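Architecture and fold: a report
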Amino acid sequence: MKHLLKLADLTSKEIIDLLNMADQLKFEKKNGIDHPHLKGKTLGMIFTKASTRTRVSFEVGMYQLGGNALFLSGNDMQIGRGEPAEDTARVLSKYLDGIMIRTYAQSEVEKLAAFGTIPVINGLTDYCHPCQVLADLMTIREFKGSFKGKKLCFVGDGNNMANSLIVGCIKVGMNIAIACPKGYEPDAELIKWGYESGKLQITDDVRKAAEGADVLYTDVWASMGQEAEAKARRAAFKGFCIDSELMKAANSDAMVLHCLPAHRGEEITAEVLEAHAKEIFEEAENRMHAQKAVMVTLMK
Ligand code: CP
Ligand code: NVA
């Protein structure tokens, strides 16, 4: 494993190895055991989109590993004024030991990896959000004990989260159902790959998707960059919401996850979010442990 550009590049074993290391790092952190695996190393964090969790969890995670993290606002860098990713990658490779980038186009992330000589970590693109799904899988295993035969139901937009969940869930042996309105399906190639595995279901029937689910998952109806579509999306996604009624269709001990930020009253009700705050905020915490495992694996 040289980079984390998308989960599809990882084998099932590589994903499980990362999750095992994340559990170990979490245990050490909780028990006051230092783990300065990246002493003297520096991670550059390029953001051309907003972030709370990703930015803080990477920065603090790097600090806990004995290293340094630089926040690089894409808008203030020359890349924001048109300097090609090909050149940015070669320059940053001279100073840094790793790059984390959050941006729009997946191709930008792939270019940094192709032209640089240091590991590149995808901190979210329009296409996928692999770091989030590693934390999600870590949280599912923590609460449910195992993956095999478990079912996750994703309610809402076939966006970056849906794309990464399809790959992540199937690679660890879970079944996944996506409930989305027609026209808002996930990436077509991933759907094809998922169908071939026999572990994916796509439907616009939210109840049907939630039946027998061990995990209910949702995300915002309009992602970053889709602000202009927000009104139309609110109409299209009406009913694609995790509420107490939908919870009844899932297994009685179903957990709820949300990558956050959440829009209460849209994709999830305040009632369900608060009832499942324990796992949702553990999921947010696990971002840091999972990403520390990624950084150690790629940068040590
Ligand atoms: N879930 C997530 O990536 O959160 P941020 O946008 O706050 O980083
Ligand atoms: N789909 C959301 C995820 C935010 C973490 C977005 O891209 O804005």
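We now turn to the structure provided with this report. (Residues numbered from 1 in each chain as written. Chains lettered and ligands numbered in written order. Predicted model: local features only at pLDDT ≥ 70, side-chain atom pairs only at ≥ 80, totals over all residues. Heavy atoms only, no water.)

So, the site of ligand 2
As a reminder of what qualifies: Here, proximity means that at least one heavy atom of the residue falls within 4 Å of the molecule or strand. Any pair of N or O atoms that falls within 3.5 Å is considered a polar contact. Within protein, one atom must be able to donate a hydrogen and the other to accept it, and sequence-neighbouring residues count only if both atoms are side-chain atoms. Here the open area of atoms and residues is found with the Shrake-Rupley method and a 1.4 Å probe, where only the protein chains shown may cover a residue. Residues are grouped as follows: Ala, Val, Leu, Ile, Met, Phe, Trp, Tyr, Cys and Pro are nonpolar; Asp, Glu, Lys and Arg are charged; every other residue, Gly included, is polar.
Looking at ligand 2, the residues that line it are Leu124, Asn159, Asn160, Asp219, Val220, Ser223, Met224 and Leu260. Asn160 is positioned such that a nitrogen or oxygen atom in its side chain is 2.8 Å from an oxygen atom of ligand 2. Asp219 places a polar side-chain atom, nitrogen or oxygen, 2.6 Å from a nitrogen atom of ligand 2. Computed on the free molecule, ligand 2 has an accessible area of 270 Å², of which 94% lies beneath the protein chains in the complex. Here the residues of the shell around ligand 2 sort into 4 nonpolar, 3 polar and 1 charged.

Structural notes on unusual backbone geometry
Stated precisely, the cut-off is as follows: Each helix is a run of H or I in the DSSP string that is no shorter than four residues. Each strand is a run of E no shorter than two, and both are numbered from the N terminus.
Between Leu260 and Pro261 the backbone carries a cis peptide bond, its omega angle lying at 5°. Among the secondary structure elements, Pro261 is positioned in the loop between strand S9 (255-258) and helix H11 (270-275). One non-glycine residue with positive phi stands out, namely Leu260, at about 65°. Turning to its location among the elements, Leu260 is positioned in the loop between S9 and H11.

Quick notes on the sheet that holds S9
Our working definition: Two strands qualify as a pair provided DSSP detects at least 2 bridges between them. Each axis is a line fitted through C-alpha atoms, taken for helices only over the stretch in contact, and angles between the N-to-C directions span 0 to 180 degrees. Any pair of residues with heavy atoms lying within 4.5 Å of one another is described as a contacting pair.
Strand order in the open sheet formed by 5 strands is S7-S6-S5-S8-S9, and the pairing between neighbours is parallel. Edge positions in the open sheet fall to strand S7 (200-203) and S9, since each of these has one partner strand only. Taking the axes of each pair of neighbouring strands and ignoring which way they run, one obtains an average angle of 20° across the sheet. As defined by bridge partners, strand S8 (residues 215-218) adjoins S9 across 4 bridges and the pair is classed as parallel. Note that in S9 the partner of Thr218 across the bridge is His258. Strand contacts of helix H5 (residues 130-144): strand S5 (151-155), S8 and S9, with the helix running at about 165° to S9, the strand carrying the most contacts.

Focus on the pattern of salt bridges
Convention followed: The working definition used for a salt bridge is a side-chain nitrogen of Lys or Arg within 4 Å of a carboxyl oxygen of Asp or Glu.
Counting across every chain of the model gives 17 salt bridges. Here Asp87 and Arg90 are joined by a salt bridge, their closest N and O atoms 3.0 Å apart. In this pair, Asp87 and Arg90 both sit in helix H3 (residues 85-95), 3 residues apart, roughly one turn of the helix. Between Arg233 and Asp157 there is a salt bridge, with the nearest N and O atoms lying 2.9 Å from each other. Of the two residues, Arg233 sits in helix H9 (residues 230-236) while Asp157 sits in the loop between S5 and helix H6 (160-171), which places them 76 residues apart along the sequence.

Nothing here speaks to function; it is all geometry.
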